[in-house]
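Tertiary structure, described
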Amino acid sequence: RQCFQKLRTSFARMTCCWGFIPGRNVSTPRSDPRRSEAITLSAEHKAKLSEFRKFIDDEAVKDYDLLRFLRARRWDVAAAVLQYQDTCQWREEHHIDELRAKALGPQGLFSCQELDQETVSALFSGGVEKFPFLRLVNQREDEGAWLFFGMAVSFGVDKEGRPIHLQKAGVASHRFAQMYSFAGDNPAYNIIYDGYVRMQELQAARMQESSDRMGKRVTQQVVIMDFKGLSFWPDPRAIAVFKDFLMVSQKYYPETLAIQFFLNTPPIFMAIWRLIKDWIDPVTAKKMHLLGSDFHSELLEYIHADQLPVEYGGTNPFDVFDWPQNLDEYRRRYALCQRAAEKLPGRKQLKSSFSAKPVVESKRSQNSQRVWAVLALLLSVLVTFVRVL
């Protein structure tokens, strides 16, 4: 019961605290986005939801959260309850709630008119927030370095208000060994929990904001992975970490993926996809969009141009991926954004400045498993990643 209470508190903690965002995404809620979604269910599914609720003492837990587990488990109530309980326990053991509870803010509504132009320029690009994790999740040490290694940001929303996770996976594939050394003791754990889990909590917070802003429930995200420059000499440790990403998604963040775009997909990957796509569940296949270099028009079917960087067919001048590609420059420029975020109204006190860890350059692996590792990674991405979400 205590586990359920803590999970409920986590789901409800973050409400919309960004009162005015210049650009497209400004609206007054038309209805309460936290209302029950059971009215749209069939009679059979309503009965399943009611049965699930018998195991939940706290009535404040929302239908939409319970429905995610039911849908993930194909409406098997016993399996959904077990997954819900496991998720609750996992969040407590790993202190997941703290990622959002310790966010620096701002807290409360405000207008960007209260900010000077320099601050707005540092925090926004074309009216879209550059780094929402500066206010929505707990700060981690040397964020600029993590951004340099992972090449992943949460930027913009699609036409349905679903937050976008954008990653230059091809560039990041060349930096994994450096990141692994940078992560320190127990690097795989740090990469998973400081990186991947933190991003999922950030996206959950952004879903809540979209829900409050749009007056409808937003429970999923859009993921864009750019394979341009993908390394064909992968570090075998990256495969193990990626499998852990999949496990975390499958068990603890069910039904949170709306669409997965793969851009600049190598021809061999496209050939594999054409071979296997008819073998998998149609719902899974529909979520996946494997695209070559001609992807701009398809992205724009789902995402407004002002929410996409220019290089992806949009009109937004967002340039973080065009920063000079060296670690020190990423640290310096991100620090400027951190200092700008301190001026946000209602901002909590930002503690000590982040120290820079030394990064150890590593030699390219000559592992004989290179080729099959790349293929294994693709198959994992194409089938497991979307299926489990």
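Just so it is clear, the model here is predicted, and its values are computed rather than measured. (Residues numbered from 1 in each chain as written. Predicted model: local features only at pLDDT ≥ 70, side-chain atom pairs only at ≥ 80, totals over all residues. Heavy atoms only, no water.)

1. Examining the confidence of the model for the protein
Looking at the protein as a whole, its pLDDT mean stands at 81, while 78% of the residues score no less than 70. In this model residues 352–356 is a low-confidence stretch, pLDDT under 50, and it forms nine contacts with partners more than four residues away in sequence or in other chains. (pLDDT = per-residue confidence, 0-100. Contact = heavy atoms within 4.5 Å.)

2. Details of the nonpolar core
By size, the foremost hydrophobic cluster in this structure holds 70 residues, and its most contacted members are Phe131, Val153, Ile191, Val197, Ile224 and Val320. Looking at this core element by element, the count peaks at nine residues for helix α11 (residues 187–214). Not counting residues up to four positions away in its chain, the partners in contact with Val320 are Phe131, Leu147, Val153 and Tyr330. Met225, Phe262, Phe269 and Ala285 belong to the second largest nonpolar core, which has 15 residues in total. (Core = buried A, V, L, I, M, F, W, Y, C linked by side-chain atoms within 4.5 Å. Buried < 20%, exposed > 50% of the residue type's maximum accessible area, 1.4 Å probe, protein only. Helix = DSSP H or I, 4+ residues; strand = E, 2+ residues; numbered from the N terminus.)

3. Remarks on the pattern of salt bridges
Tallying each qualifying case throughout the model produces 18 salt bridges. With a closest N to O distance of 3.7 Å, Asp65 and Arg68 form a salt bridge. A residue pair is termed a helical-turn pair when its members lie 3 or 4 positions apart in one helix, as Asp65 and Arg68 do in helix α3 (residues 63–72) at three residues. On the basis of relative accessible area, Asp65 is assigned to the buried category, the value being 6%. By relative accessible area, which is 9% here, Arg68 ends up buried. Salt bridges here are not isolated pairs; linked through shared partners, they connect Arg91, Asp97 and Glu201. (Salt bridge = Lys/Arg side-chain N within 4 Å of Asp/Glu carboxyl O.)

4. Re the packing of α3 against helix α4 (residues 77–93)
Across the interface, α3 lies against α4 with an axial gap of 8 Å and an inter-helix angle of 120 degrees. Taken together, α3 and α4 sit at an angle that is classed as oblique. Judged by the sense of rotation from one axis to the other, the crossing of α3 with α4 is right-handed. Contacts from Leu66, Phe69, Leu70 and Ala72 in α3 reach Val77, Ala80, Gln83, Tyr84 and Thr87 in α4. Across the contact of α3 with α4, the residue classes break down as seven nonpolar, two polar and no charged. (Axes fitted to C-alpha atoms, helices over the stretch in contact; angles between N-to-C directions. Parallel < 35°, antiparallel > 145°, perpendicular 65-115°, else oblique. Left-handed = near helix turned anticlockwise from the far one by under 90°. Nonpolar A, V, L, I, M, F, W, Y, C, P; charged D, E, K, R; others polar.)

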